[in-house]
Amino acid sequence: MGREYFNRYIEETYNIMAEKPWMKYPKNLVFRHARNRKWFALIMELPLEKLTNKLSGNADIMNLKCDPLLIGSIVDNKAIFPAYHMNKAHWITVLLDKNSDVEKIKWLLDMSFELTKPK
């Protein structure tokens, strides 16, 4: 499942519309809480070489906040990577492609949403 699926899923599940904060990168989508403005998901296209030298080409990815205690057991460097362009102690990057584990990504989205929601 790709960016369109997860864009629609986030909008329907969390009632949050995507924002496009960067004119230079119109495909990048940010999802944030309305009250505290904290991001919980970022979808973007990225050259895979930025994640690992074992992959090439471009792909859609999603950055998600993650419980720091789980990151070591979640990151597999195949579908889930240390965060691209975010704090690697608190964020992960998930590859969105036809082999994505949709249920696992939904679980990770829920975690990210909960970790960033207003207190």
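The rules behind each value
- Residues numbered from 1 in each chain as written.
- Predicted model: local features only at pLDDT ≥ 70, side-chain atom pairs only at ≥ 80, totals over all residues.
- Heavy atoms only, no water.
- Helix = DSSP H or I, 4+ residues; strand = E, 2+ residues; numbered from the N terminus.
- Buried < 20%, exposed > 50% of the residue type's maximum accessible area, 1.4 Å probe, protein only.
- Expected span 1.5 Å × (residues − 1).

> Give a detailed account of unusual backbone geometry, specifying residues and quantitative values.
Look at R37: it is not a glycine, yet its phi comes out positive at around 65 degrees. Mapped onto the elements of the fold, R37 is located in the loop between β1 (29-32) and β2 (39-47). By relative accessible area, which is 42% here, R37 ends up partly exposed. Although it is not a glycine, N77 adopts a positive phi angle of roughly 55 degrees. Note that N77 resides in the loop between α2 (68-74) and β4 (80-82).

> So what's going on with helix α3 (residues 102-116)? Which residues, and what values?
Relative to the 21 Å expected for 15 residues at 1.5 Å per residue, α3 spans 21 Å between its end C-alpha atoms, a close match to the ideal helical length. V102, I105, K106, L108, L109, M111, S112, F113 and T116 are the residues of α3 that are buried.

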